[in-house]
Amino acid sequence: MADMKPLRLIAEDKDDLTVISAAIQDAVTKAEHLKYEARRHRFSIELNRFRWEETGARVRSLLAFDGVLSVKSLGISKADPDMVYSLLAIEFDPADEPPGGIVRIVFAGDGELALDVEALDVTLLDSEYEWTTRHTPSHER
């Protein structure tokens with residue numbers, strides 16, 4: 001494995017979010033790693049991200065959203081602790097009055113989280129912990 005520096009990305013507009021969305025495509029997580037801290041207005045996801053920039057590696061990452069007013073979920077449940085959710089994309093629908101809107105986190109299998117945000121404030125932080133994998137995500141199935 002090459003000596004890659006961990007990603008540290010911030011999104012404050014739709015273009016920035018597109019970059020983060022591409023970086024987290026095919027990351028996996030479990031419902032227990034989805035955390036909404038209402039008092040801090042923060043929603044975070046601990047995930048195992050496939051490093052598209054370095055094929056064959058996964059890295060432990062944190063995806064955090066600040067200024068979150070509420071969270072709604074569809075097709076995401078903590079009932080099965082072993083259920084693995086695969087992230088497909090992150091999208092932003094701006095409100096009629098900027099800078100707020102709805103951040104949509106889309107998962108495979110029709111799962112979705114909708115975060116009502118005051119403004120777009122997203123951070124992706126990789127840890128130093130990475131490992132090799134022989135399984136490259138495939139969208140052909």
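Residues numbered from 1 in each chain as written. Predicted model: local features only at pLDDT ≥ 70, side-chain atom pairs only at ≥ 80, totals over all residues. Heavy atoms only, no water.

**Re the overall build of the chain**
Helix and strand counts for the chain stand at 1 helix and 10 strands. The helix and strand sequence of the chain, counted from the amino end, reads β-α-β-β-β-β-β-β-β-β-β. Taking all 141 residues of the chain together, the buried fraction comes to 40%. Across the chain, contacts joining residues at least 24 apart in sequence account for 63% of those joining residues at least 6 apart. A total accessible area of about 8,300 Å² is found for the chain, and carbon and sulfur atoms account for 49% of it. (Helix = DSSP H or I, 4+ residues; strand = E, 2+ residues; numbered from the N terminus. Buried < 20%, exposed > 50% of the residue type's maximum accessible area, 1.4 Å probe, protein only. Contact = heavy atoms within 4.5 Å. Areas by Shrake-Rupley, 256 points an atom, 1.4 Å probe, with all protein chains shown as cover.)

**Let's talk about the environment of E46**
With respect to the helices, strands and loops of the structure, E46 is situated in strand β4 (residues 42-50). Between the C-alpha atoms of E46 and S61, which are 15 residues apart in sequence, the distance is 5.9 Å. If near-sequence neighbours (up to four positions away) are discounted, E46 is found in contact with T29, H33, R60, S61 and L62. Side chain to side chain, E46 and R60 meet in a polar contact 3.0 Å long. (Polar contact = N/O pair within 3.5 Å; in protein donor to acceptor, adjacent residues only side chain to side chain.)

**Structural notes on the packing of aromatic side chains**
For the structure on display, the rule yields 2 aromatic pairs. Judged by centre distance (6.3 Å) and plane angle (45 degrees), the ring pair of F43 and F65 falls under tilted. Separated by 22 residues along the polypeptide, F43 in strand β4 and F65 in strand β5 (residues 57-66) bring together distant segments of the chain. For the residue pair F43 and F65, the accessibility class agrees, reading buried in each case. (Phe/Tyr/Trp six-rings, centres within 6.5 Å; stacked < 30°, edge-to-face > 60°.)

**Overview of the environment of R42**
Tracing the backbone shows R42 in strand β4. Separated by 80 residues in the primary sequence, R42 and V122 have C-alpha atoms spaced 9.9 Å apart. In this view, R42 contacts K35, Y36, E37, A64, F65, D66 and V68; residues no more than four positions away in its chain are not counted. Among the polar contacts made by the side chain of R42, one reaches the side chain of D66 at a distance of 2.8 Å.

**Some points on a negative patch on the surface**
Taken together, the side chains of E12, D13, D15 and D121 make up a negatively charged region of the molecular surface. Topologically, D15 is positioned in helix α1 (residues 14-24). (Patch = residues over 30% accessible without salt bridge, like charges linked within 9 Å, V, L, I, M, F, W, Y side chains within 5 Å. Salt bridge = Lys/Arg side-chain N within 4 Å of Asp/Glu carboxyl O. Lys, Arg positive; Asp, Glu negative; His and termini not counted. Charge placed at Lys NZ, Arg CZ, Asp CG, Glu CD.)

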